[in-house]
Amino acid sequence: MRLSRYFLPVLKETPSEAQIASHRLMLRAGMIKQSSAGIYSWLPLGYRVLKRIERIVHEEQERAGHIPMLMPTLQGADLWRESGRYDAFGPEMLRITDRQDREMLYGPTNEEMITDIFRSHVSSYKDLPLTLYHIQWKFRDEVRPRFGVMRGREFLMKDGYNFDLTKEDALHAYNRHLVSYLRTYERMGLQAIPMRADSGAMGGDNTHEFLVLAETGESEVFYDANVTDIVLGKRDIDYDDVEQCAGVMEEFTSLYARTDETHDEAVFEKVPEERRRSARGIEVGQIFYFGTKYSDAMNAKVQGPDGKPTAVHMGSHGIGVSRLVGAIIEASHDDKGIIWPEGVTPFHVGIVNLKQGDSATDSACDGIYKALEAEGLSALYDDRKDRAGAKFATMDLIGLPWRITVGPRGLGNGVVELTSRRTGESEEMSAEAAIGRAKEIYAAHM
Ligand code: 5CA
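These notes cover the structure that comes with them. None of these values were measured; they are calculated from a predicted model.

Definitions and limits used
- Residues numbered from 1 in each chain as written.
- Predicted model: local features only at pLDDT ≥ 70, side-chain atom pairs only at ≥ 80, totals over all residues.
- Heavy atoms only, no water.
- Axes fitted to C-alpha atoms, helices over the stretch in contact; angles between N-to-C directions.
- Helix = DSSP H or I, 4+ residues; strand = E, 2+ residues; numbered from the N terminus.
- Left-handed = near helix turned anticlockwise from the far one by under 90°.
- Contact = heavy atoms within 4.5 Å.
- Nonpolar A, V, L, I, M, F, W, Y, C, P; charged D, E, K, R; others polar.
- Buried < 20%, exposed > 50% of the residue type's maximum accessible area, 1.4 Å probe, protein only.
- Pairing = 2+ DSSP bridges.
- Phe/Tyr/Trp six-rings, centres within 6.5 Å; stacked < 30°, edge-to-face > 60°.
- Lys NZ or Arg CZ within 6 Å of the ring centre and 35° of its normal.
- Salt bridge = Lys/Arg side-chain N within 4 Å of Asp/Glu carboxyl O.
- Parallel < 35°, antiparallel > 145°, perpendicular 65-115°, else oblique.
- Near = heavy atom within 4 Å.
- Polar contact = N/O pair within 3.5 Å; in protein donor to acceptor, adjacent residues only side chain to side chain.
- Areas by Shrake-Rupley, 256 points an atom, 1.4 Å probe, with all protein chains shown as cover.

Brief notes about the packing of helix α6 (residues 167–187) against helix α7 (residues 242–253)
α7 packs onto α6 with a crossing angle of 65° between their chain directions and a minimal axis gap of 9 Å. In the packing of α6 onto α7, the handedness of the crossing is left-handed. Residue-level inspection shows His172, Tyr174, Asn175, Arg176, Leu178, Val179 and Leu182 of α6 in contact with α7, the latter providing Val242, Cys245, Ala246, Val248, Met249, Phe252 and Thr253. Taken together, the residues that form the contact of α6 with α7 break down as 10 nonpolar, three polar and one charged.

In structure tokens form, the structure reads like this:
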């Protein structure tokens, strides 16, 4: 993309309504625009990041054997009456009446709808296990929408639902989700720690939240410092291997890590004092096992191996897709702007032409741009007639992890500059070498 033809409405001033860094930077970098409280338009740069995050979520869900689909945002009230949640959800639910006076709602989550789909089509245990998921906009009329996309009213969520014959099978689904979520967050350059939590409106008593530690996080958390040393890394996972998934679950959840809702001072005191931490965190996902809560209420039964109808065991599993954009920025920025992890960057490489209009630098930049695209790498080429300082400031603000700078002096010596946004370090090399290096770096993140 050539910046001269793009839509990147960066702001010079720091918007006064934004209280935390991610919100400020998303506004300044022209990623979002508020349309009403807690409701945002995703401008082109923000939209690209959102799509990158969605793609990682899809890839990791499909790797775990979960099946993508799409359910509507608007739902009928009747299904929610069946589960008893139409009243229980309270004022957070946006209720709408259509022209026929039918009661509708903008879905805050989809347990009822997916259970209805399941019961309409599945009648035998032979069709289990089954996990379906979608990535769809949700609406919750939060009392205090704030921090930009972090606590929105309309927000994008991945929500998945497992259907199993037994509690044991459903717990495997729970563990499988835990492992796939760990991998998902790690690919985004995030450490998200699973913590024992409260199940709230979803029900059940088996639930973990995934928290990214950050001072601006809304959740208060307590943990054993050693949990931050555990990473999934590149180990091979077989998602059908019940013991392996249970092992990872055990490894990640046996040390003390809880949100304030489940925090227990007496248990916490058993952690050696020097390892006890209390901090704040951003909740980027949550998994639940709630047994037959919805299948009982909504009569979702299958014929079991013994021929008798059995209510299916279920769980639901959510990732805050739009919230993640803010969470990643909270975890990765400096005073100049955003620093995107390679896995989610809106463009792989930024190209800065120091002397736009000079035939040598123009043609070198064009060549680099084309070569990057030919390698499957996206480039944002700042081809505007602007001062070098202004171009660098924009690149630093929008946070592309790698920048290639082309100037007449370097070209005279056959070199361009490759700069890391994270370290600020620059290295001179030929254009071919810079393209090769970018290719190598991103190969590890594809
Ligand atoms: N049905 C279950 C699992 S699919 C569910 O709705 N879980 S949830 O309520 O925990 O939401 C899942 C994730 O969505 C949360 O972990 C959080 O990351 C994100 N989320 C929840 N509320 C908001 C909000 N108001 N703004 C942005 N993200 C949100």
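Okay, back to it.
Some details on the pairing of strand β7 (residues 130–139)
Of all the 10 residues making up β7, nine are buried; the element is thus mostly covered by neighbouring parts of the structure. Bridge count between strand β3 (residues 67–68) and β7: two bridges; the pairing is parallel. Across the sheet, the residue bridging to proline 68 is tyrosine 133, located in β7. Note: β7 against strand β8 (residues 154–164), 10 bridges, orientation antiparallel. Within β8, the residue paired with lysine 138 across the bridge is phenylalanine 155.

Quick word on the packing of aromatic side chains
Each aromatic ring pair is described using two quantities: the centre-to-centre distance and the angle formed by the ring planes. The full count for this structure, using the stated rule, is 11 aromatic pairs. Taking 5.5 Å as the distance between ring centres and 55° as the angle between the ring planes, the aromatic pair formed by tyrosine 181 and phenylalanine 210 counts as tilted. Remark: phenylalanine 210 occurs in strand β10 (residues 206–213) and tyrosine 181 occurs in helix α6; sequence separation between them is 29 residues. Each member of the pair, tyrosine 181 as well as phenylalanine 210, is classed as buried. Counting every residue linked through ring pairs, the aromatic cluster contains Tyr181, Tyr185 and Phe210. Between the NZ or CZ atom of arginine 48 and the centre of the ring of phenylalanine 347, over which it lies, the distance is 3.9 Å.

A few points about the pattern of salt bridges
Applying the stated criterion across every chain yields a total of 27 salt bridges. Between aspartate 383 and arginine 2 there is a salt bridge, with its nearest N and O atoms 3.3 Å apart. With a gap of 381 residues between them, aspartate 383 in the loop between β20 (379–382) and α12 (388–398) and arginine 2 in the segment before α1 (21–28) connect regions that are remote in the sequence. Of the residues examined, aspartate 383 reaches a relative accessible area of 12% and is grouped as buried. For arginine 2, a relative accessible area of 22% corresponds to the partly exposed category. As a salt-bridge pair, arginine 151 and glutamate 218 come within 2.8 Å of each other at their nearest N and O atoms. Of this pair, arginine 151 sits in the loop between β7 and β8 while glutamate 218 sits in the loop between β10 and β11 (219–224), and the two are 67 residues apart along the sequence.

Examining the sheet that holds strand β5 (residues 94–97)
Here we have three strands laid out as an open sheet, ordered β4-β6-β5, and antiparallel in their pairing. Of all strands in the sheet, those with a lone pairing partner are β4 (74–76) and β5, marking the two edges. Adjacent strand axes in the sheet meet at a mean angle of 35°, parallel and antiparallel pairs treated alike. Sheet analysis places β4 next to strand β6 (residues 103–106), joined by three bridges and oriented antiparallel. Bridge assignment links glycine 76 to a residue of β6, and that residue is methionine 104.

Overview of the packing of helix α2 (residues 44–63) against α6
Contact pair α2 / α6: the axes reach a minimum separation of 9 Å and the direction vectors enclose 150°. What the angle tells us is that α2 and α6 run roughly antiparallel. Both α2 and α6 take part in a crossing whose hand is right-handed. On the side of α2, the interface is formed by Ile56, Val57, Glu59, Glu60, Gln61 and Arg63, while α6 contributes His177, Ser180, Tyr181, Arg183, Thr184 and Arg187.

Quick look at the site of the ligand
The environment of the ligand is formed by 22 residues, the closest being Thr109, Glu111, Arg140, Gly152 and Glu283. Here serine 316 contributes a side-chain N or O atom positioned 3.5 Å from a nitrogen atom of the ligand. Between an oxygen atom of the ligand and a main-chain N or O atom of glycine 320, the distance comes to 3.5 Å. Compared with its free state, where it exposes 600 Å², the ligand has 96% of that area covered by protein. Where the shell around the ligand is concerned, the elements lending two or more residues are β8, β13 (276–291) and β16 (313–320). At five residues, the largest contribution of residues to the shell around the ligand is made by β13. Its residues assigned to classes, the shell around the ligand shows seven nonpolar, eight polar and seven charged.

Don't take any of this as a statement about function, it's just geometry.
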